[in-house]
Amino acid sequence: MTSQNDILTVAREQVLENGVGLAADQVEQVLNLPDERVEELLALAHEVRVRHNGEGVEVEGIVSLKTGGCPEDCHFCSQSGQFTSPVRAVWLNVKELIKAAQETKETGASEFCIVAAVRGPDERLMKQLRDAIAAIKAEVDIEIAVSVGMLTAEQVAEMVDMGVHRYNHNLETARSYFDQVVTTHTYDERLDTCRMVVESGMELCCGALVGMGESVRQRAELAAELGALEPHEVPLNFLNPRPGTPFGELDPMGAQDALRTIAAFRLALPRTILRFAGGREITLGELGTRQGLTGGINAIIVGNYLTTLGRDPQQDLDLLDELKMPIQALSRTI
């Protein structure tokens, strides 16, 4: 029998019944639950997901407009030009973007996202974005999302003027751990972009990357920081250590910790789209993927990621069918 002060009892009333996300100290309690309570935790997180978001699962694929050669030193990222990771710099042109948008629309997707590995967009990239978005809108009936790093206030206004629907910019980790992950820019620089996006009226997609050596308390801190931002979507990534990066020798997060993290983020973000993103294949495998989908996740990236391999998209689609979870939108990002 559990007491009235038990964190899952508290979460059932606070989050499930009242729709109020857990605070940092409460998330930390969830993350410290013993293994024997993980199943109970996942069941509650799934109830929260269904109650506040419905049964549907968003499905998305991802490729890149500009890969590699980034000047930043994010210690997890093989696209940094400062490390020895074997990722070559590649640019796609406007015609290739239009073709990709057309292919994306044919899948039934409602949104198409343009991603580039840069600190932030320069004049050349902003012009390419403006030209590409105008060309895509002229030929394809689809919403446009963008992810091109940190923005100025003027660039945020330009994104709105271009008709960008959703902007992606990840916090990645907690403020208190950020300088252990990135040294070439600050947490506040990232947060400023996120806040400007929210204030502009664009939807914000703001992700997390866990398993980088952060403490449980710092993981809880990040969940609460995201809760305060109230992004439309949170992609949840698990570190897939990349050769040649400073975090290349870290061990992948254990499956039970990953499942606790999924459920804890759902309880901190009851109304947010919580998306399975990079690293789930090595962290969770088939069983863990199934448990995550019945433990708070309501969106999924299928196929390969920007620089790492995923699994056959049909495996995920078959799993959703088996779980009787309707596909809410089939999206492919580029």
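The rules behind the values
Residues numbered from 1 in each chain as written. Predicted model: local features only at pLDDT ≥ 70, side-chain atom pairs only at ≥ 80, totals over all residues. Heavy atoms only, no water. Core = buried A, V, L, I, M, F, W, Y, C linked by side-chain atoms within 4.5 Å. Buried < 20%, exposed > 50% of the residue type's maximum accessible area, 1.4 Å probe, protein only. Helix = DSSP H or I, 4+ residues; strand = E, 2+ residues; numbered from the N terminus. Salt bridge = Lys/Arg side-chain N within 4 Å of Asp/Glu carboxyl O. Axes fitted to C-alpha atoms, helices over the stretch in contact; angles between N-to-C directions. Parallel < 35°, antiparallel > 145°, perpendicular 65-115°, else oblique. Left-handed = near helix turned anticlockwise from the far one by under 90°. Contact = heavy atoms within 4.5 Å. Nonpolar A, V, L, I, M, F, W, Y, C, P; charged D, E, K, R; others polar. Polar contact = N/O pair within 3.5 Å; in protein donor to acceptor, adjacent residues only side chain to side chain. Phe/Tyr/Trp six-rings, centres within 6.5 Å; stacked < 30°, edge-to-face > 60°. UniProt positions renumbered as here; feature names shortened; annotations may be inferred. Disulfide = S-S within 2.5 Å. Expected span 1.5 Å × (residues − 1). Arc of directions from axis to C-beta.

A word on the nonpolar core
In summary, soluble globular proteins display a tendency toward joint burial of nonpolar side chains.
Thought 1: Core analysis: the largest hydrophobic core is formed by 92 residues, its most contacted members being Ile136, Val148 and Met159.
Thought 2: For this core, the element with the highest residue contribution is helix H9 (residues 255–268), accounting for 8 residues.

Regarding the pattern of salt bridges
Thought 1: According to the stated counting rule, one finds 17 salt bridges in the structure shown.
Thought 2: The residue Asp188 makes a salt bridge to Arg175 at a minimum N-O spacing of 2.8 Å. Of the two residues, Asp188 is situated in helix H7 (residues 187–200) and Arg175 in the loop between strand E6 (164–168) and H7; the sequence distance between them amounts to 13 residues.
Thought 3: According to the relative accessible area criterion, Asp188 is partly exposed, its value standing at 36%.
Thought 4: Using a relative accessible area of 40% as the deciding quantity, one classes Arg175 as partly exposed.
Thought 5: Connected via shared salt-bridge partners are Arg166, Glu203, Glu233 and Arg275.

Let's talk about the packing of helix H2 (residues 24–31) against H9
Thought 1: With their axes 9 Å apart at the nearest point, H2 and H9 run at an angle of 155 degrees to one another. Relative to H9, H2 is oriented roughly antiparallel. Helix-helix and strand crossings are classified by hand; for H2 and H9 the assignment is right-handed. Side by side, H2 and H9 meet where Val27, Val30 and Leu31 of the first sit next to Arg260, Thr261, Ala264, Leu267 and Ala268 of the second.
Thought 2: Here the contact of H2 with H9 is composed, by residue class, of 6 nonpolar, 1 polar and 1 charged.

What about the side chain of Gln26?
Thought 1: Considering the arrangement of structural elements, one finds Gln26 in helix H2.
Thought 2: A distance of 2.9 Å separates a polar atom in the side chain of Gln26 from a polar atom in the side chain of Gln14.
Thought 3: Beyond its immediate chain neighbours, meaning those up to four positions away, Gln26 contacts Ile7, Val10 and Gln14.

Points about the side chain of Glu214
Thought 1: Checked against the element boundaries, Glu214 lands in the loop between strand E8 (208–210) and helix H8 (216–229).
Thought 2: A polar atom in the side chain of Glu214 sits 2.8 Å from the backbone nitrogen of Met212.
Thought 3: Looking at Glu214, its side chain comes within polar contact range of the side chain of Arg219, at 2.9 Å.
Thought 4: Sequence-distant contacts of Glu214, that is, excluding residues within four places in its chain, are made with Thr173, Tyr177, Arg219 and Met253.

Some thoughts on the packing of aromatic side chains
Thought 1: Per the stated rule, a full pass over the model turns up 1 aromatic pair.
Thought 2: Between Phe178 and Tyr187, the aromatic rings sit 5.9 Å apart at their centres with planes inclined by 80 degrees, giving edge-to-face as the arrangement.

Let's talk about the UniProt feature "binding site: [2Fe-2S] cluster" (unreviewed entry) in the protein chain
Thought 1: Per the UniProt annotation, the sites labelled "binding site: [2Fe-2S] cluster" (unreviewed entry) are Cys113, Cys205 and Arg275.
Thought 2: Topologically, Cys113 is positioned in strand E4 (residues 111–115).
Thought 3: Cys113 gets classed as buried once you look at its relative accessible area, which sits at 8%.
Thought 4: Mapped onto the elements, Cys205 comes out in strand E7 (residues 203–205).
Thought 5: Judged by relative accessible area, Cys205 falls into the buried class, the value being 7%.
Thought 6: Here Cys205 is in contact with Arg166, Tyr167, Asn168, His169, Asn170, Glu233 and Pro235, once residues within four sequence places are set aside.

Some details on the state of the cysteines
Thought 1: This structure, assessed with the given rule, holds 0 disulfides.
Thought 2: Of the cysteine sulfurs around Cys194, a residue in no disulfide, the closest is that of Cys206, at 3.8 Å.
Thought 3: In this structure Cys194 comes out as buried when scored by relative accessible area, which is 0%.

Some words on H7
Thought 1: The first and last C-alpha atoms of H7 sit 20 Å apart over 14 residues, in line with the 20 Å expected at 1.5 Å per residue.
Thought 2: Tyr187, Arg190, Leu191, Thr193, Cys194 and Val197 are the residues of H7 that are buried. For H7, the angular spread of the buried residues around the axis is 155 degrees, confining them to a single face.
Thought 3: Turning to H7, the residues buried within the fold contact E6, E7 and H8.

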